[in-house]
Amino acid sequence: MNNVDIGQALRELREASGKQAKVVARGAAMSPSKLSKIENGALAPSVIDAERILTALGVSGGMKARLMEIARQVATEATAWRIYRRSGLHKHQEEIRAIEAGTTLLRLFQPSCVPGLLQTPEYVRGILKDWDLTEVALGKMVGARLKRHDVLHDEGRNFHFLITESVLRWEIMGVRPMAMQLDKIIGMSRFPNINIGVIPQRGVKPGLPTSAFALFDTRLATIEVPHAEITTTEIPDIELYLNKFRKFERVAVSGDDMRDLVADIRDDFLRQQETD
C-alpha cells in the first residue's frame, strides 16, 4: 500500500468518475491549482485534503479507507493557527464546512467559547478581536463562519453540542451582545436535529475539560489547542475523545433544564446592564 502514489490514485479516480477537476476542487473546498498540485505529486495531501477530495468523488468503503491511510504520513497532524491566518482564516472555515457537509453526526465539546455553528456575528468578532486581522479579513471570516450555519437546517444531519457553563458566563464582549448570544443558543436548541448540553459548574465532573474537540461521525477528530489545530483519523484516538464526550454528556443538562440555566445567565447579564 505504501508504494501507491496518492496523487496519481486520486487523479485516476477523478478521471474514471468523469468529473472535471474544477468541479471536484469546488466540492472539496480547494482551488483547482491546489488539486492539480496534489494530483501531479507536487503537494502531499493532508488527511483533511484527502477526506474532502474522496468525498467530492463519492468514494467510500474500503477504497476510501485505504487511500486515507496512504495520505496519512503520520497518524496525527497539527497545523498552527498562524498558518491558517497567513493563508486566510475564511479558507479554513470553507474547509470545515466541506467536512461538515459530509457528516451525519457531529459531536462537539467546547470548554473555551461558544461553538462556531452557534455563534452570532458579534460573538465571532469578539473572539477574534485580538487576532490583529484587517477589517476585510475579519469580514471574510465572519461571513465564512456564518455560511457554515446553513448545514444546521438539514434535518438529515444531527448535532450534539456540549458547552461548559463557564463559557456562557465568560464576557468576551458587552453584556447586551452576550445576552443575544445566549438567546441564540436557546433558540437553536429547539431545532429537532440539535441537542445542546451545558455542563454546570456545580457538581463532581468525570475529568478535566482540557481542550475543545469535534468528532465527525467516527471517522475524524479535530482538537483545538492554543497554538494549533490537531487532526486525527486514528481509531484509538477517536475512541478516546468519544468516551470523553459521553462521560461529560452524562453530567450535562439539556432540554428545558438547559434552557432555564442559559436563560438565568442571560438575565444576569441584562440585570448587570441595568446597573452599569
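Up top is the structure these notes are about.
Residues numbered from 1 in each chain as written. Predicted model: local features only at pLDDT ≥ 70, side-chain atom pairs only at ≥ 80, totals over all residues. Heavy atoms only, no water.

### Overview of the nonpolar core
If you look at the biggest cluster of nonpolar residues, it comprises 57 residues, and the most contacted ones within it are Ile53, Tyr123, Phe159, Phe161, Leu168 and Ile196. Dropping the residues within four chain positions of it, tyrosine 123 is found in contact with Cys113, Val114, Val167, Ile172, Met173, Met178 and Gln181. Membership of the second largest hydrophobic core comes to 13 residues, among which are Tyr241, Leu242, Phe248 and Ala252. (Core = buried A, V, L, I, M, F, W, Y, C linked by side-chain atoms within 4.5 Å. Buried < 20%, exposed > 50% of the residue type's maximum accessible area, 1.4 Å probe, protein only. Contact = heavy atoms within 4.5 Å.)

### Observations concerning unusual backbone geometry
The backbone of aspartate 132 shows a phi angle near 55°, a positive value even though the residue is not glycine. Note that aspartate 132 resides in the loop between helix H8 (121-127) and helix H9 (135-148). A positive phi angle is found at aspartate 217, which is not glycine, with a value near 50°. If you trace the backbone, aspartate 217 turns up in the loop between strand S5 (212-216) and strand S6 (220-225). (Helix = DSSP H or I, 4+ residues; strand = E, 2+ residues; numbered from the N terminus.)

### Notes on the environment of phenylalanine 245
With respect to the helices, strands and loops of the structure, phenylalanine 245 is situated in helix H12 (residues 235-250). Through-space distance from the C-alpha of phenylalanine 245 to that of leucine 108 is 8.1 Å; in sequence the pair is 137 residues apart. Once residues lying within four places of it in the same chain are set aside, the contact partners of phenylalanine 245 are Arg107, Leu108, Phe109, His160, Leu162 and Phe213.

### Concerning the packing of aromatic side chains
This model, assessed by the stated rule, comprises five aromatic pairs. Residues phenylalanine 109 and phenylalanine 248 carry aromatic rings whose centres are separated by 4.8 Å and whose planes lie at 15° to one another, so their mutual orientation is stacked. You can see phenylalanine 109 sitting in strand S2 (residues 105-110) and its partner phenylalanine 248 sitting in helix H12, a full 139 residues away along the chain. Where phenylalanine 159 meets phenylalanine 161, the ring centres are 6.4 Å apart and the plane angle is 5°; that geometry is what we call stacked. An identical accessibility class is assigned to phenylalanine 159 and phenylalanine 161; each is buried. Taken together, the ring pairs in this structure connect Phe109, Phe213, Tyr241 and Phe248 into an aromatic cluster. (Phe/Tyr/Trp six-rings, centres within 6.5 Å; stacked < 30°, edge-to-face > 60°.)

### Points about helix H7 (residues 89-101)
Taking 1.5 Å per residue, 13 residues should reach 18 Å; H7 reaches 19 Å between its end C-alpha atoms and fits that length. Taken together, the buried positions of H7 are Leu89, His90, His92, Gln93, Glu95, Ile96, Ala98, Ile99 and Glu100. (Expected span 1.5 Å × (residues − 1).)

### Thoughts on the pattern of salt bridges
Scanning the model with the defined rule gives 16 salt bridges in all. As a salt-bridge pair, arginine 219 and glutamate 51 come within 2.6 Å of each other at their nearest N and O atoms. With arginine 219 in the loop between S5 and S6 and glutamate 51 in helix H4 (residues 47-57), the pair connects residues that are 168 residues apart, well separated along the chain. In this structure, the salt-bridge partner of aspartate 183 is arginine 266, at a minimum N-O distance of 2.7 Å. Here arginine 266 lies in helix H13 (residues 255-275) and aspartate 183 lies in helix H11 (residues 175-188), a separation of 83 residues in the sequence. Here arginine 266 falls in the buried class, since its relative accessible area comes to 19%. A cluster of three or more residues bridged by salt bridges with shared partners is formed by Glu51, Lys64, Asp217 and Arg219. (Salt bridge = Lys/Arg side-chain N within 4 Å of Asp/Glu carboxyl O.)

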